[in-house]
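These are the residues of each chain, in order.
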Amino acid sequence: MERKRRKGGYFLLTVGLMLCLIIASMVCLYIPKNSADAVASGAGTTDIGDILLNNYESRDKKFNGNQLDILYAQITGKANATYADVVAAAGAIKTSADFRDTNNTQTGGKLITLDFGTDTSGNSMEWNAVYLSTNRAGEPILTLWMAQSGETAQWNKYSDPSSSSTYPSNMYGNSYIRTEVLNNTGTYYADRNGKDPTTYTQTSTHKYAKFTSPSAVGSLTEFIDEPANVEWQEKRISQKHNEYAYDFNNDAYGNVGSGGGDNANWYSGIVNYFGKGDYSAWQNDKLWLPGMADAGWYNVAEDDSGLWKTSELERSNASGVDSWLRSTDTGSYCNAQTLNVNGSGSGYPSTTASYAVRPAFHLNLKKAEDSSARTLNPQDCRKTYTGNPLTPDGESWYSAVKKAIDDGYVTEQYTAGYAPINAGTYTIKYEIKANSPY
């Protein structure tokens, strides 16, 4: 039976005792954005590439559904995974260790790396998938952590060892790094008593504007969940997920109390910061630094890999600079935690030192799925000729085109002006309308 494909989106339909219909994919509609090699590319990582559609800024649909399908397979460990599989997996929780497990046939034991968003220079930003969970509404969220960064900054503008501070120098909610460096609205100070307050309002031209500012060109904020909408971040304490016996201020945005057990176990003399200044302000941020409870810091001799169960490769920074965490030092008021450049441990330098900035965020996969578009691969369909008009309705591989037709974004035409009834050759044209989101 003849199978020809004409230029310009025309398709041949041959009808006899058996009818063969060939639907060609609308590849030109969904060409993915060019992406750079993953920062951590090599034996230890996968590289899904960009999950956004090319020129998503001018489209109604933003996400490349075919790339999301690859991501779905890798985070669930299931070939041909659907969004429904992701919902089920998120309800059961998946950690980084699950993603890179050697039994995960979709990753082959590697990290999951993808591109999402660009900076003001148009450079792709690359992220490691570290945790699959749900938000307070039960929707699946995928926590992404920047794969590497050469950008360095001070954690705060002052360093003060006093325990009686109104604004401790290592309190994240009033830090310089949280506000101005990550483009989150907030206030930071010049000393522990609130001298020379600087109130920073996020700008639409900042490096991270697409992640934090709704008014930025190409803003992605509608797809990002704040920590306030994530229950596990409210009262997360490190000693529940690491072998180290003590906890760290800033790990949770809620009140974790004191005394150990289900409450925080503070190092001798350290006070709970909850209630000071704007301690909990970061719960409303789109971008935030990971904490010791989240990312951990060591998993060689003991299990200190945090809630996310990260590996050294994820914690390392290929740019060659140690990277800041959100957490305070265990026993001081003027130091914050860093991860060693090779991911094998941590440090606790002064808050006025400069180290690399690697933020994280929660991608809402329900919203991403709702704003996705997919290609169709060419497939054949054989139907028995009945003498009635024949269409590909009901074929699963045709569903995306059929939906586009039903939504009024695509029209279908037959050259003879009528649907195939008699045996013969028919030409079908699918035409994308001007108002199409594709």
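Undergrad: Residue-level account of the overall build of the chain, with values.
TA: Summing up its helical and strand segments, the chain has ten helices and 20 strands in all. With 438 residues in all, the chain has 53% of them scored as buried. Considering only contacts in the chain between residues 6 or more positions apart, those separated by 24 or more positions represent 63%. Of the roughly 17,600 Å² that the chain leaves accessible, carbon and sulfur atoms contribute 45%.

Undergrad: I'd like a description of the packing of aromatic side chains, backed by residues and values.
TA: Applying the stated criterion across every chain, the model contains 24 aromatic pairs. Judged by centre distance (6.4 Å) and plane angle (50 degrees), the rings of Tyr72 and Tyr83 are tilted. Here the residue Tyr72 occupies a position in helix H1 (residues 65-76), and Tyr83 occupies one in helix H2 (residues 83-92), the gap between them amounting to eleven residues. Here Tyr72 falls in the buried class, since its relative accessible area comes to 0%. Here the aromatic rings of Tyr246 and Tyr267 are separated by 5.2 Å at their centres, their planes lie at 75 degrees, and the arrangement is edge-to-face.

Undergrad: An account of the confidence of the model for the chain is needed here, citing residue identities and associated values.
TA: Residues of the chain with pLDDT of at least 70 account for 78%, and the chain-wide mean is 85. Predicted confidence is poor over residues 1-42, with pLDDT under 50, and the contacts of this stretch with residues over four places away or in other chains come to 126 contacts.

Undergrad: Tell me what's going on with unusual backbone geometry, and back it up with residues and numbers.
TA: The phi angle at Ile93 is positive, at roughly 70 degrees, despite the residue not being glycine. For Ile93, the position within the fold is in the loop between H2 and strand E4 (94-95).

Undergrad: I'd like to hear about the pattern of salt bridges, residue by residue, with values.
TA: Overall, the coordinates contain 14 salt bridges when judged by the stated rule. Between Lys210 and Glu57 there is a salt bridge, and its shortest N-O distance comes to 4.0 Å. In this pair, Lys210 is assigned in helix H5 (residues 209-212) and Glu57 in the loop between strand E2 (18-23) and strand E3 (63-64), connecting sequence segments 153 residues apart. With a shortest N-O distance of 3.5 Å, Glu151 and Lys207 are connected by a salt bridge.

Undergrad: Outline the nonpolar core, listing residues and values.
TA: Judged by nonpolar contacts, the single largest core of 66 residues is most densely connected at Phe116, Trp127 and Trp308. Among the elements that take part in this core, strand E6 (residues 124-134) stands out by supplying six residues, more than any other. By size, the runner-up hydrophobic cluster in this structure holds 13 residues, among which are Tyr167, Ala252, Ala264 and Trp266.

Undergrad: Requested: an account of H2, with residues and values cited.
TA: Every buried residue of H2 is accounted for by Asp85, Val86, Ala89 and Ala90. Angularly, the buried residues of H2 cover 135 degrees about the axis, an arc narrow enough to put them on a single face. Facing away from the buried surface of H2 by more than 90 degrees, the exposed residues are Ala84, Ala88, Gly91 and Ala92. Buried residues in H2 make contact with H1, E4, E6, strand E7 (140-146) and helix H9 (365-370). With its phi angle positive at about 70 degrees, Ile93 sits one or two positions after the end of H2.

Undergrad: Would you mind going over H1 in detail, with residue names and values included?
TA: With twelve residues, H1 should reach 16 Å at 1.5 Å per residue; the first-to-last C-alpha distance of 16 Å fits that figure. Buried residues dominate H1, accounting for nine of its twelve residues. Where H1 is concerned, the buried positions are Gly65, Gln67, Leu68, Leu71, Tyr72, Ala73, Gln74, Ile75 and Thr76. With a side-chain oxygen lying 3.0 Å from the backbone nitrogen of Asn66, the N-terminal cap of H1 falls on Asn64. In the segment just after H1, Gly77 is the residue with positive phi, at about 75 degrees.

Undergrad: Report on the packing of H1 against H2, specifying residues and quantitative values.
TA: For the pair H1 and H2, interaxial distance at closest approach is 10 Å and the crossing angle is 35 degrees. For H1 against H2, the interelement crossing comes out left-handed. Between H1 and H2, the contacting residues are Tyr72, Ile75 and Thr76 on the first element and Tyr83, Asp85, Val86 and Ala89 on the second. Residues of the contact of H1 with H2, tallied by class, amount to five nonpolar, one polar and one charged.

Undergrad: Requested: an account of the side chain of Asn242, with residues and values cited.
TA: Looking at the secondary structure, you find Asn242 in the loop between helix H6 (231-234) and helix H7 (292-295). Setting aside residues no more than four positions away along its own chain, Asn242 makes contact with Met292, Ala293, Gly296, Trp297, Asp303, Asp304, Ser305 and Gly306.

Reading the values: rules and limits
Residues numbered from 1 in each chain as written. Predicted model: local features only at pLDDT ≥ 70, side-chain atom pairs only at ≥ 80, totals over all residues. Heavy atoms only, no water. Helix = DSSP H or I, 4+ residues; strand = E, 2+ residues; numbered from the N terminus. Buried < 20%, exposed > 50% of the residue type's maximum accessible area, 1.4 Å probe, protein only. Contact = heavy atoms within 4.5 Å. Areas by Shrake-Rupley, 256 points an atom, 1.4 Å probe, with all protein chains shown as cover. Phe/Tyr/Trp six-rings, centres within 6.5 Å; stacked < 30°, edge-to-face > 60°. pLDDT = per-residue confidence, 0-100. Salt bridge = Lys/Arg side-chain N within 4 Å of Asp/Glu carboxyl O. Core = buried A, V, L, I, M, F, W, Y, C linked by side-chain atoms within 4.5 Å. Arc of directions from axis to C-beta. Expected span 1.5 Å × (residues − 1). Polar contact = N/O pair within 3.5 Å; in protein donor to acceptor, adjacent residues only side chain to side chain. Axes fitted to C-alpha atoms, helices over the stretch in contact; angles between N-to-C directions. Left-handed = near helix turned anticlockwise from the far one by under 90°. Nonpolar A, V, L, I, M, F, W, Y, C, P; charged D, E, K, R; others polar.

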